[in-house]
2 protein chains.
Amino acid sequence: MTTISIIGAGNMATAIGTRAAKHGHTVEIMSRDTVAARSLADRIGATVGTYGSAPAGDIVILAVLSAGAVDVVRSYGEALAGKTLVDITNPFNADATGLATTPGNSIAQQIAAAAPAGTHVVKAFNTIFGGVLAQDKPMDAFLAGDSAEARARVAAFLSSLDMRPLDAGGLEMTSALEWAGILLVGVARNGGGFDIALAAQPPS
Amino acid sequence: MTTISIIGAGNMATAIGTRAAKHGHTVEIMSRDTVAARSLADRIGATVGTYGSAPAGDIVILAVLSAGAVDVVRSYGEALAGKTLVDITNPFNADATGLATTPGNSIAQQIAAAAPAGTHVVKAFNTIFGGVLAQDKPMDAFLAGDSAEARARVAAFLSSLDMRPLDAGGLEMTSALEWAGILLVGVARNGGGFDIALAAQPPS
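Reading guide: rules and limits
- Position numbers for residues start from 1 in each chain and track the written sequence from start to end.
- Going through the entries in the order they are written, you letter the chains from A and number the ligands from 1.
- Two thresholds apply to this predicted model, a pLDDT of at least 70 for residue-level local features and 80 or more for giving and counting side-chain atom pairs, whereas whole-chain, interface and lining totals are computed over all residues.
- Values reported for side chains reflect all heavy atoms of the structure, with hydrogen atoms and water molecules removed beforehand.
- Here, any two strands with at least 2 DSSP bridges between them count as paired.
- In this description a helix means any DSSP run of H or I spanning at least four residues, a strand means any run of E spanning at least two, and both kinds are numbered starting from the N terminus.
- Any two residues having at least one pair of non-hydrogen atoms within 4.5 Å are treated as being in contact.
- To get an axis, a line is fitted to the C-alpha atoms, and for a helix only the part in contact is used. The angle between two axes follows their N-to-C directions and goes from 0 to 180 degrees.
- The working definition used for a salt bridge is a side-chain nitrogen of Lys or Arg within 4 Å of a carboxyl oxygen of Asp or Glu.
- For every residue, the accessible area (1.4 Å probe, protein chains only) is compared with the maximum for its type, and the residue is labelled buried under 20%, exposed over 50%, or partly exposed between those bounds.
- Remark: nonpolar core denotes a set of buried residues (Ala, Val, Leu, Ile, Met, Phe, Trp, Tyr, Cys) joined through side-chain atoms within 4.5 Å.
- For any pair of parts, buried area is found by adding up, for both, the accessible area (1.4 Å probe) each one loses once the two are put together.
- Polar contact is the term for a pair of N or O atoms within 3.5 Å; when the atoms are in protein, one must be able to donate a hydrogen and the other to accept it, and sequence-neighboring residues count only if both atoms are side-chain atoms.
- Each residue receives one of three labels: charged for Asp, Glu, Lys and Arg, nonpolar for Ala, Val, Leu, Ile, Met, Phe, Trp, Tyr, Cys and Pro, and polar for the others, Gly being one of them.
- Least-squares fitting of one copy onto the other uses the C-alpha atoms of those residues that reach a pLDDT of at least 70 in both copies.
- When the strands point away from the viewer, a crossover counts as right-handed if the route from the first strand across the helix to the second turns clockwise.

Under the annotation held in an unreviewed UniProt entry, chain A carries the name NAD(P)-binding domain-containing protein and is attributed to Paractinoplanes bogorensis.

**Topic: the sheet that holds strand 3 (residues 47–48) of chain A**
Residues and elements named next belong to chain A. One open sheet holds the eight strands; their spatial order is 3-2-1-4-5-6-7-8, and the pairing between them is mixed. In this open sheet, the two edge strands, each paired with only one partner strand, are strand 3 and strand 8 (163–167). With five bridges joining them, strand 1 (residues 3–7) and strand 2 (residues 26–30) adopt parallel strand pairing. Note on strand 2: the bridge partner recorded for Ile4 is Val27. Sheet strands in contact with helix 6 (residues 148–160) are strand 1, strand 4 (59–62), strand 5 (84–87), strand 6 (120–124), strand 7 (139–145) and strand 8, and its direction is about 165° off that of strand 7.

**Quick notes on the pattern of salt bridges**
Summed over the entire model, instances satisfying the criterion amount to 16 salt bridges over all chains. The salt bridge partner of B:Lys22 is B:Asp136, with a shortest N-O separation of 3.0 Å. Of the two residues, B:Lys22 sits in helix 1 (residues 11–22) while B:Asp136 sits in the loop between helix 5 (130–133) and strand 7 (139–145), which places them 114 residues apart along the sequence. Judged by its relative accessible area of 60%, B:Lys22 is exposed. Residues joined by salt bridges that share partners form a network here, namely A:Arg19, A:Lys22 and A:Asp136.

**Side note on the nonpolar core**
One finds A:Ile61, A:Phe125, B:Ile61 and B:Phe125 to be the most contacted residues of the largest nonpolar core, which totals 114 residues. Once residues lying within four places of it in the same chain are set aside, the contact partners of A:Phe125 are A:Met12, A:Ile16, A:Ile61, A:Val86, A:Ile88, A:Leu133, A:Phe142, A:Phe157, A:Leu158, A:Leu161 and A:Met163.

**A look at unusual backbone geometry**
Residues apart from glycine generally show negative phi values, whereas peptide bonds are mostly found in trans. Not every positive phi belongs to a glycine, and A:Ala96 is a case in point at roughly 55°. The topology assignment puts A:Ala96 in the loop between strand 5 and helix 4 (107–114). Non-glycine residue B:Asp136 carries a positive phi angle of around 60°.

**With respect to the interface of chain B and chain A**
Bring the parts together and some accessible area is lost; that lost area is often taken as the interface size. Contacts between the two partners involve 36 residues from chain B and, on the opposite side, 36 residues from chain A. Three residues stand out in chain B for area buried against chain A, namely B:Trp179, B:Leu183 and B:Pro203, and they jointly supply 23% of the buried area on that side. The tally of links between chain B and chain A comes to zero salt bridges. Where chain B touches chain A, the interface holds five residue pairs in polar contact (both at pLDDT 80 or more). Considering every element that reaches the side of chain B that touches chain A, the biggest residue donor is helix 7 (residues 174–192) of chain B, with ten residues. Looking at the side of chain B that touches chain A residue by residue, the classes come out as 23 nonpolar, eight polar and five charged. With five bridges connecting them, strand 9 (residues 197–201) of chain A and strand 9 (residues 197–201) of chain B associate as antiparallel partners. Bridging from a neighbouring strand, A:Gln201 pairs with B:Ala197 of strand 9 of chain B.

**A short note on the relation of the copies chain B and chain A**
Least-squares fitting of chain B to chain A yields an RMSD of 0.0 Å, with the transformation described by 0.0 Å of translation along the axis and a rotation of 180°. Such values leave the two copies arranged in the relation of a two-fold axis. In terms of proximity to the rotation axis, the leading residue of chain B is B:Ala199, whose C-alpha is 2.4 Å off the axis. Interface overlap between copies: 100% of the residues of chain B at the interface are likewise at the interface in chain A, consistent with a symmetric, same-surface contact.

**Description of the side chain of B:Ser31**
Residues and elements named next belong to chain B. Along the chain, Ser31 turns up in the loop between strand 2 (26–30) and helix 2 (34–44). In terms of polar contacts, Ser31 uses its side chain to reach the backbone amide nitrogen of Asp33, at 3.0 Å. Excluding residues within four positions of it along the chain, Ser31 makes contact with Gly8, Ala9, Ala37 and Tyr51.

**A few points about the pairing of strand 6 (residues 120–124) of chain B**
A regular strand places its side chains so that they alternate between the two faces of the sheet. Residue and element names in this part refer to chain B. Most of strand 6 is tucked away: four of the five residues are buried. Inspection of the sheet shows strand 5 (residues 84–87) paired to strand 6 by four bridges, in the parallel sense. Bridging across to strand 6, Val86 finds its partner in Val122. Handedness of the crossover is the feature at issue here: the chain leaves strand 5, passes through helix 4 (residues 107–114), returns alongside strand 6, and the resulting connection is right-handed. Here strand 6 pairs with strand 7 via three bridges, running antiparallel. Residue pairing for strand 7: Lys123 is matched across the bridge by Ala144.

And the structure:
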């Protein structure tokens, strides 16, 4: 078990933080909204870190909205050096039928460009609805990122949460993950319902 | 059961044609390569249609490579009027880490623009490896297309093949399906192996 820092105190921060704490990790919550950070930390038995200062964990979950993720990384600056940043964002367009990003310039790639040297970026959790994640059942979890070592670190974290990591490859594959979020919402809206998770398994 | 026309005689034409024939459909094979068409038809008990003339089936599977799909539709021209065209292509870039298409101009959208009036386009089968499809096991099958009626028609066909149709929505969602093909290959290459199918199910 390890220390996980989560920047954010919203729905996905709650779902990931709850699941991480339940599976034995030490969780640190950091948010500009210090009241929300304290409230979430108290609910799940986490500590509260100071927004903008060096996170306690080697893995830092950026549980903020896509529009603000790069600014958060810039505002932390060198405090994130050497960390493995986990981008969970879904940069959907207004009706969630396409992306606000373009291939080669995914949010994960923008974060990697804004992060200090020696920082790694892995995209994960964006193919799972918060409500499904919170159920704490086994499920598949896709990830992609800029180094095999960082992906292995995040994969181990996902496994510790009783999730099956599916490594999709390098940072360029984060666009595929962003589109996977769109696909999941499309299926959910067109009869699939929102109690589903994207998976990739041998047919049985 | 119904009549299904397949344009093409390669691996995906073989996998889809074999599965369709096995599940009781009448299958017509059409290919510029008349020898390959006859060979495939004889193997699976299908008929051979004349390339470029009106297909016998209301559902026409365009089982050709992405680079040639639009030209095939143009060469058929009015012979495809009123049909439901099924685009199965994966327009990958050279190393399969991104697409050769752009959002708003997916292969399915290019086919829809090239097809005669009254023709519908549905993208399906592109999230399933041919070798997995050929196993004839139950599996999830994502689809998207330009009309709810055409999607329902293709969904019924998929169900008849013992596949679970997952409707992702309108024609604009075909970009998400193209990226889903990239994601699947990424997972397959990075430890997942090629005996997998993309799925979306309630966690269990």
